[in-house]
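Tertiary structure, described
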Amino acid sequence: MTHPQADTSPVKPVASEGAIGIYVHVPFCETKCPYCDFNTYAGVEQLIPAYVDAVCEEIDRWGNLLTGRSAATIFFGGGTPSYIPVRETACIVDRIGAAFPPADDAEITLEANPGDVTVSKAESWLRAGFNRVSMGVQSFDDGLLGTLGRRHDAAGARRSFELLREAGFENRSLDLMFGLPDQTLQQWQDSMTAALDLEPDHVSLYGLQLEAGTPLEADVRLGRITTPDEDLGADMYLAAEEAFADAGFRHYEISNWARPGFESRHNLIYWRNEPYLGIGPGAHSSLLGHRFADTRSPRWYMRSLGFEPGPSEDFPGIDTARPKRAPLPDSTPVPLRAMAENGPVDTVEETTLQLELADTMMMGLRLDTGVSDTDFQARFGRSLKDVFDLEIGELVDQGLLESDEHGIRLSDRGRLLGNEVFGRFVSAAHGI
Ligand code: SF4
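Conventions we followed
- Residues numbered from 1 in each chain as written.
- Predicted model: local features only at pLDDT ≥ 70, side-chain atom pairs only at ≥ 80, totals over all residues.
- Axes fitted to C-alpha atoms, helices over the stretch in contact; angles between N-to-C directions.
- Helix = DSSP H or I, 4+ residues; strand = E, 2+ residues; numbered from the N terminus.
- Parallel < 35°, antiparallel > 145°, perpendicular 65-115°, else oblique.
- Left-handed = near helix turned anticlockwise from the far one by under 90°.
- Contact = placed C-beta atoms within 7 Å.
- Nonpolar A, V, L, I, M, F, W, Y, C, P; charged D, E, K, R; others polar.
- Buried ≥ 20, exposed ≤ 12 C-beta atoms within 10 Å, placed from the backbone.
- Pairing = 2+ DSSP bridges.
- Near = placed C-beta within 6 Å.
- Domains from an automatic or database assignment.
- Core = buried A, V, L, I, M, F, W, Y, C linked by C-beta atoms within 7 Å.

**Considerations on the packing of helix 12 (residues 353–364) against helix 16 (residues 418–430)**
- Remark: helix 12 packs on helix 16, axes separated minimally by 8 Å, with the N-to-C direction vectors making an angle of 165°. For the element pair helix 12 / helix 16, the angle class is roughly antiparallel. The two elements helix 12 and helix 16 meet at a crossing, and its hand is right-handed. Residues Gln354, Leu357, Ala358, Met361 and Met362 of helix 12 form the contact with helix 16, whose participating residues are Phe422, Phe425, Val426, Ala429 and His430.
- Along the lines of polarity and charge, the residues of the contact of helix 12 with helix 16 split into eight nonpolar, two polar and no charged.

Spelled out as structure tokens, the structure:
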């Protein structure tokens, strides 16, 4: 089978000087899927107004503390951002626009559940400023959607994805999952065909991770559901590489494929280890020479910003006591200290040389372009081989890495064993 020539042109830095990616965490879902361990809650819709007030307050405070910053990208994730009223998401986009004026072509993404999409909602999202939707479809097999506890069926997902195009969205992504209990290779191929028929601009394909403490993990552990077969999962990944290459997609990141020009600019900020600010309960940030995260508990998130979310019985399963914050590192800069001592920031870690090296390698190697020696030298003042000669040599010998004068990248085999490669670089970086 012939594949189109892969486009391996370098992925340019996304965040220019002063520009950052902004992530907004929406911790609400209509129902909780049995495999999900994200920081999200069902049945607490009454908290949405206080949550939106708190998010807007956090944006305003950061806007006052960080001068000269603009939004390169904005990403509403969760949770289910499409589940909360459009006027609330529009209000948050406006506040971000006032605090961090985005470029005219800024990518502004909303994660959506198929069950939430109507033409009128999609048109309202466009009017609010969103220009990209990422839809969690997961499968086009109704039986597997039932196993995953999803609230849509395959026909509904198809219709919702088409509605987005009819409403005017020109950048649509969808997520699929593979390696599911009892999923056959044929079912996976049928789901990929169904996805391609919808002409998405971008797809994210994730192998199921059984997360401890989730109902699905318990069902598998207790033998109520078949354990997913790892070898079959690897075959599914290889089948995806072939199917999406044949359809003209670039496999630009381990789990992501895009038509040329439709790579996720927001996620590229993470993979290139560029600065981003996370807003909302549990959201992580990398900025001001530090990694930090907001308190995970929605209750304490809202309270820390001056909003009383309501009585404790409104919070099934949500912390009632604010977790203790570890002492701030001495290096904590004034704006970050202010948001930790009188705001939602809970954990703060200085971005040491070791941490920056480890993250640059671990995230950069996820991309098809890998880690460029020029970029590495510009960032660290030394070449890749100066720092990681031993690891690069061994991993090339093992067939997991490719190396040339431009830099290093995972081999085909290395993509299947990415965690092994990342682990080598992370250990080496922390030993420096
Ligand atoms: S819709 Fe997404 S975020 Fe919400 S529970 Fe399901 S998997 Fe988790």
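So, next bit.
**Points about unusual backbone geometry**
- Here the bond from Gly78 into Gly79 is cis, since omega is 15°, no more than 30 degrees from zero.
- The topology assignment puts Gly79 in the loop between strand 4 (70–78) and helix 2 (86–99).
- Although it is not a glycine, Gln138 adopts a positive phi angle of roughly 75°.
- Relative to the assigned elements, Gln138 resides in strand 6 (residues 132–138).
- What makes Gln138 buried here is the crowd of 24 C-beta atoms within 10 Å.
- One non-glycine residue, Asn273, lies in positive phi territory at about 55°.
- Structurally, the position occupied by Asn273 is in the loop between helix 9 (265–271) and strand 11 (276–279).
- Residue class for Asn273 comes out buried when judged on the 21 C-beta atoms lying within 10 Å of it.

**Remarks on the sheet that holds strand 16 (residues 401–404)**
- With respect to topology, three strands assemble into an open sheet ordered 15-17-16, the strand pairing being antiparallel. If you trace the sheet from one side to the other, it starts and ends with strand 15 (371–372) and strand 16, each paired once.
- Strand direction decides the pairing type here: strand 15 and strand 17 (residues 407–410), joined by two bridges, are antiparallel. Across the sheet, the residue bridging to Ser372 is Gly407, located in strand 17.
- Each of strand 15, strand 16 and strand 17 is contacted by helix 14 (residues 384–397), which is oriented at about 135° to strand 16, the strand it contacts most.

**Considering the site of the ligand**
- In the vicinity of the ligand, the contacting residues are Cys29, Lys32, Cys33, Cys36, Phe38, Thr40, Gly78, Gly79, Thr80, Asn113 and Gly136.
- Along the lines of polarity and charge, the residues of the shell around the ligand split into four nonpolar, six polar and one charged.

**So, the pairing of strand 17**
- Of the two faces of strand 17, the one carrying Gly407 and Arg409 and the one carrying Ile408 and Leu410 are both buried.
- Relative to strand 17, strand 16 runs antiparallel, the two being bridged by four bridges. Paired with Leu401 across the two strands is Leu410, which belongs to strand 17.
- Hairpin connection, strand 16 to strand 17: the antiparallel pair is bridged by two residues.

**Quick notes on the domain arrangement of the chain**
- For the chain, the assigned domains read domain 1 (19–271) and domain 2 (353–430).
- Centre-to-centre separation of domain 1 and domain 2, based on C-alpha positions: 28 Å.
- Between domain 1 and domain 2, the contact holds eight residues from the first and eight residues from the second.
- Secondary-structure elements contributing two or more residues to the side of domain 1 that touches domain 2 are helix 8 (230–246), strand 9 (250–253) and helix 9.
- In terms of residue count, the dominant contributor to the side of domain 1 that touches domain 2 is strand 9 (three residues).

**A word on the nonpolar core**
- With 109 residues, the main nonpolar core has Ile22, Val55 and Ile96 as its most contacted residues.
- Counting the residues that make up this core, at least three belong to each of domain 1 (19–271) and domain 2 (353–430).
- In this view, Ile96 contacts Ile22, Ile59, Ala71 and Ile74; residues no more than four positions away in its chain are not counted.

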